[in-house]
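An overview of the molecular structure
As a plain string of letters, each chain reads:
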Amino acid sequence: MRRAVYPGTFDPVTNGHLDIIRRAAQQFDEVVVGVLCNSKKSPLFSIDERVRMLQEVTKDIPGVRVDSFDGMTVNFVRACGAGVIIRGLRAVTDFENELQMAQTNRVIAPDIDTMLMVTSLEYAYLSSTIVKELASHGEAIERFVPPYAAEKIKEKYKEIIQK
Ligand code: ADP
């Protein structure tokens, strides 16, 4: 069983994330999307909302499972019985962070390997932060996120405005 973990904050999931999940699912028997609680980033969506969103948008992709975790990624990867961490690379700016993280994980967990997948060109500019920025100004986000996520993002900003 070749199993990989794709960890991230996914606040919210974008078409760029989904592209990496689809492509990773073709390379492994199982891909576990690991949603990090990540209180450092003060996410807009709760952990349950992010997990639910990912479950909904990946339900038609065979071999994909969604789970949440907190703490060290390598511990979660081991608990899943996986040996590979998948991360996405968009631009040079991602590279330094991802390399540092991959090298650190390699030192503390030599049994786990990181594989960096290069983004598809059409999603190279896309980030959860950009989607939130657009949505907060009432701009259309349907091109950037799956339909279910677009609904949830719009609902969230409506809730925020009404408060
Ligand atoms: P984190 O807070 O762990 O960086 P993110 O949810 O922002 O979590 O991203 C998770 C992973 O997905 C990271 O490896 C990131 O580089 C990658 N990623 C984000 N957006 C894209 C995209 N548009 N194309 C490819 N990979 C992406």
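Residues numbered from 1 in each chain as written. Predicted model: local features only at pLDDT ≥ 70, side-chain atom pairs only at ≥ 80, totals over all residues. Heavy atoms only, no water.

1. Some remarks on a nonpolar patch on the surface
Applied cut-off: Each patch is built from residues that are more than 30% exposed by relative accessible area and take part in no salt bridge. Like charges join if they lie within 9 Å; nonpolar side chains (Val, Leu, Ile, Met, Phe, Trp, Tyr) join within 5 Å. Only the protein chains shown count as cover for residues, and all accessible areas are computed by the Shrake-Rupley method using a 1.4 Å probe. Throughout this description, the term salt bridge denotes a Lys or Arg side-chain nitrogen within 4 Å of a carboxyl oxygen of Asp or Glu. Strands are runs of DSSP state E lasting at least two residues, helices are runs of H or I lasting at least four, and both sets are numbered from the N terminus onward. Note on classification: 1.4 Å probe, protein chains only; a residue is buried when its accessible area is under 20% of the maximum for its type, exposed when over 50%, partly exposed between these limits.
Together, Val92, Phe95, Leu99 and Leu116 give the surface a local cluster of nonpolar side chains, amounting to about 340 Å² of exposed area. Structurally, the position occupied by Val92 is in helix α4 (residues 92-108). Here Val92 falls in the exposed class, since its relative accessible area comes to 70%.

2. Examining unusual backbone geometry
Across the junction of Asp11 and Pro12, the peptide omega takes the value 0°, indicating a cis bond. Inspection of the secondary structure assignment puts Pro12 in the loop between β1 (3-8) and α1 (15-27). One non-glycine residue with positive phi stands out, namely Phe10, at about 50°. If you trace the backbone, Phe10 turns up in the loop between β1 and α1.

3. Considering helix α6 (residues 147-162)
Think of an α-helix as turning once every 3.6 residues; residues three or four places apart then point the same way. This is how the line gets drawn: Take the number of residues in a helix, subtract one, and multiply by 1.5 Å to get its expected span. Think of it as the arc spanned by the lines of direction from the helix axis to the C-beta atoms. Contacts were defined at the residue level, with two residues in contact if any of their heavy atoms lie within 4.5 Å.
The end-to-end C-alpha distance of α6 is 23 Å, a good match for the 22 Å that 16 residues give at a rise of 1.5 Å each. Buried within α6 we find Ala149, Ala150, Ile153, Lys156 and Tyr157. Projected down its long axis, α6 shows its buried positions confined to an angular sector of 125°, all on one face. Exposed side chains of α6 directed beyond 90 degrees from the buried face belong to Pro147, Lys158 and Gln162. Buried residues belonging to α6 abut α2 (47-58) and α5 (128-136).

4. Notes on the sheet that holds strand β4 (residues 84-89)
Put simply, the test is: A pair of strands counts as paired when DSSP detects no fewer than two bridges linking them. As a rule, the C-alpha atoms of each element are fitted with a line to give its axis, helices using only the stretch in contact, and angles between N-to-C directions run from 0 to 180 degrees.
Taken together, the 5 strands give an open sheet; going across it, the order is β3-β2-β1-β4-β5, and neighbouring strands pair in parallel fashion. Two strands in the sheet have a free side with no partner beyond their single neighbour: β3 (64-69) and β5 (113-118). In this sheet, adjacent strand axes meet at a mean angle of 30° when their direction is disregarded. Along the sheet, α1 contacts β1, β2 (30-36), β3, β4 and β5; its crossing angle with β5, the most-contacted strand, is approximately 120°. Relative to the sheet, α4 contacts β4 and β5, its axis offset from that of β4 by approximately 170°.

5. Re the pattern of salt bridges
Counted by the stated rule, this structure contains 15 salt bridges. Here Arg65 and Asp67 are joined by a salt bridge, their closest N and O atoms 3.8 Å apart. We note a salt bridge from Arg78 to Asp111, for which the minimum N-O separation is 3.0 Å. On the criterion of sequence distance, the pair formed by Arg78 in helix α3 (residues 73-79) and Asp111 in the loop between α4 and β5 is long-range, its members being 33 residues apart. Relative accessible area serves as the criterion here: at 47%, Asp111 is assigned to the partly exposed category. One salt-bridge network, in which partners are shared between bridges, spans Arg3, Glu30, Arg65 and Asp67.

6. Some remarks on the packing of α2 against α6
Test applied: Between 65 and 115 degrees an angle is taken as roughly perpendicular, under 35 as roughly parallel, over 145 as roughly antiparallel, and anywhere else as oblique. Under the scheme applied, nonpolar residues are Ala, Val, Leu, Ile, Met, Phe, Trp, Tyr, Cys and Pro; charged residues are Asp, Glu, Lys and Arg; polar residues are all the others, including Gly.
Packing of α2 against α6 brings their axes to within 9 Å, and their N-to-C directions diverge by 155°. One element, α2, and the other, α6, form an angle in the roughly antiparallel class. Across from Glu49, Arg52, Met53, Glu56 and Val57 in α2, the residues of α6 making contact are Tyr148, Ala149, Lys152 and Lys156. For the contact of α2 with α6, the class distribution of residues is 4 nonpolar, no polar and 5 charged.

7. Concerning the site of the ligand
Cut-off, in case you're wondering: What makes a residue near a molecule or strand is one non-hydrogen atom of that residue sitting within 4 Å of it. Counted as a polar contact is a pair of N or O atoms within 3.5 Å, where, for protein atoms, one must be capable of donating a hydrogen and the other of accepting one, and residues adjacent in sequence contribute only when both atoms are in side chains.
The local shell around the ligand holds 18 residues, among which Tyr6, Thr9, Phe10, Lys41 and Gly88 are the closest. With respect to the ligand, the side chain of Lys41 contributes an N or O atom lying 2.5 Å from an oxygen atom. The separation between a nitrogen atom of the ligand and a polar side-chain atom of Arg90 is 3.3 Å. With the chains in place, 90% of the 550 Å² that the ligand exposes on its own is no longer accessible. Counting only elements with at least two residues in the shell around the ligand, the list comes to β1, α1, β4 and α4. Looking at side-chain class alone, the shell around the ligand contains 6 nonpolar, 7 polar and 5 charged residues.

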